[in-house]
Amino acid sequence: MKRIQYHRYGGADTMKLEDFELKAPGSGEVAVKIAFAAINPIDWKVRNGRLKMVTGRTFPRAMGSDFSGTVIAVGVGVTRFKVGDAVFGLAQIKDGGALGEAVIAPETFVARKPNSVSFEEAACLGTPGVTAWNGLVDKAVLKAGQSVFVNGCTGAVGDATVQLARMLGASVAGSCSADAMPRAQAQGVNPVFDYRRTDLSTLSDRFDVVYDTAATMSTAVGLGLARKGGVFLDIDPTPVKFLRSVFNRRLKPIICTARADILDGIARAAGEGKLRLPIVETVPLKAAIPLLAALEKGRKIGGKALVGIP
């Protein structure tokens, strides 16, 4: 089998499409033949070594997190899936491997793909959906009738956050680029601000939840936009922010943390048509490295990029 992997932490030049041997799934794990993998910024952040305290120094390392496909083997103790099930989910950060022909993942990181959701659509759901859920449900405990401000509301995590917040009965305001404002408005974001022309610190409104899904908002601005008792969800956690959050419970750093109940909830939402992310570009595995490199350098595509695995 083939997958994209690297033999040292570093830039885009370290990525290679190479042969590998898929191991047998261990206890509580499933092996999935990949149909589509979605590209996320976490893919190159891991490769760059930003999370090497978690990922370690064993090489080669495989790239890719989010996938859809078909279960081809199950490990001892697996009860949620059987061979032949159509699924979607995430690979563990320490292992990666979604950008390849097959991947091993914990069964708790996987959910059944609804029949009404295509493999392409399902591949997009993992990281954005889980991160949105971690923030709104796990950390903010969002309730119907509350208000949410989403910074970066048309990015993948932002888009998922908007849809999940509205599904939970909250009102949503947000910021994005001028070009993306019509799409944000169509998703129910009101008001929506052009982040290039608006100083968010000057907004008069206050919100129950402020979610910086673009990782561009300062802690001071985020906390300033949150009303008394409200929370600021920060998608760019650092040791300093975690330390600060110990003393200020309104600051909540977010790390994408998958669980079976979250994936199942995302599957239900997608199956009911309440969670969809726009797909802009799909390339075959052999063309994935140039696309990854371009996106890492800052190319904007206005939606999800997929890698199709034959």
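Note that the structure is a prediction, hence the values are computed from the model and not measured.

Rules used in this analysis
Residues numbered from 1 in each chain as written. Predicted model: local features only at pLDDT ≥ 70, side-chain atom pairs only at ≥ 80, totals over all residues. Heavy atoms only, no water. Pairing = 2+ DSSP bridges. Helix = DSSP H or I, 4+ residues; strand = E, 2+ residues; numbered from the N terminus. Axes fitted to C-alpha atoms, helices over the stretch in contact; angles between N-to-C directions. Parallel < 35°, antiparallel > 145°, perpendicular 65-115°, else oblique. Left-handed = near helix turned anticlockwise from the far one by under 90°. Contact = heavy atoms within 4.5 Å. Phe/Tyr/Trp six-rings, centres within 6.5 Å; stacked < 30°, edge-to-face > 60°. Buried < 20%, exposed > 50% of the residue type's maximum accessible area, 1.4 Å probe, protein only. Lys NZ or Arg CZ within 6 Å of the ring centre and 35° of its normal.

## What to know about the sheet that holds strand S1 (residues 2-6)
What the three strands build is an open sheet, ordered S2-S1-S4; its pairing is antiparallel. The open sheet terminates on both sides in strands that have one partner only, identified here as strand S2 (16-19) and strand S4 (61-62). In terms of strand pairing, S1 meets S4 through two bridges, oriented antiparallel. Within S4, the position partnered with Tyr 6 by the bridge is Arg 61.

## Some words on unusual backbone geometry
Omega for the bond connecting Phe 59 with Pro 60 falls within 30 degrees of zero, at 0°, which places this linkage in the cis form. As for its position among the elements, Pro 60 is in the loop between helix H2 (52-55) and S4. Along the chain, Asn 190 connects to Pro 191 via a cis peptide bond; the corresponding omega equals 0°. Structurally, Pro 191 is set in the loop between helix H6 (181-186) and strand S11 (192-194).

## Quick word on the packing of helix H4 (residues 126-139) against helix H5 (residues 156-167)
Where H4 contacts H5, the axes come no closer than 8 Å and their chain directions differ by 55°. Taken together, the axis directions place H4 and H5 in an arrangement best described as oblique. The way H4 lies across H5 gives a crossing that is right-handed. When H4 is examined against H5, the residues Pro 128, Gly 129, Thr 131, Ala 132, Trp 133, Leu 136 and Val 137 are found in contact with a partner set consisting of Ala 156, Val 157, Ala 160, Thr 161, Leu 164 and Ala 165.

## Describing the sheet that holds strand S14 (residues 251-253)
Spatially, S11-S10-S9-S12-S13-S14 is the arrangement adopted by the six strands of the open sheet, whose pairing is parallel. Edge positions in the sheet fall to S11 and S14, since each of these pairs with one other strand and no more. Taken over all neighbouring pairs, the strand axes of this sheet differ in orientation by 15° on average, direction set aside. Here five bridges tie strand S9 (residues 147-151) to strand S10 (residues 171-176), and the two strands are oriented parallel to one another. Looking across to S10, one finds that Phe 149 is bridged to Ala 173. Of the strands in this sheet, S9, S10 and strand S12 (207-212) touch H5, which is tilted by about 170° from S9.

## Remarks on the packing of aromatic side chains
Tallied over the full model, the rule gives five aromatic pairs. Their ring planes at 75° and their centres at 5.0 Å tell us that Tyr 9 and Phe 59 sit as a pair that is edge-to-face. One end of the pair, Tyr 9, is in the loop between S1 and S2; the other, Phe 59, is in the loop between H2 and S4, and 50 residues separate them in sequence. Residue classification places Tyr 9 among the buried residues on the basis of a relative accessible area of 14%. With relative accessibility at 28%, the residue Phe 59 sits in the partly exposed group. Three or more aromatic residues link up through ring pairs in this structure, and these residues are Tyr 6, Tyr 9 and Phe 59. Over the aromatic face of Phe 20 sits the side chain of Arg 3, whose NZ or CZ is 4.3 Å from the ring centroid.

Everything listed is a geometric property; what it means functionally is a separate question.
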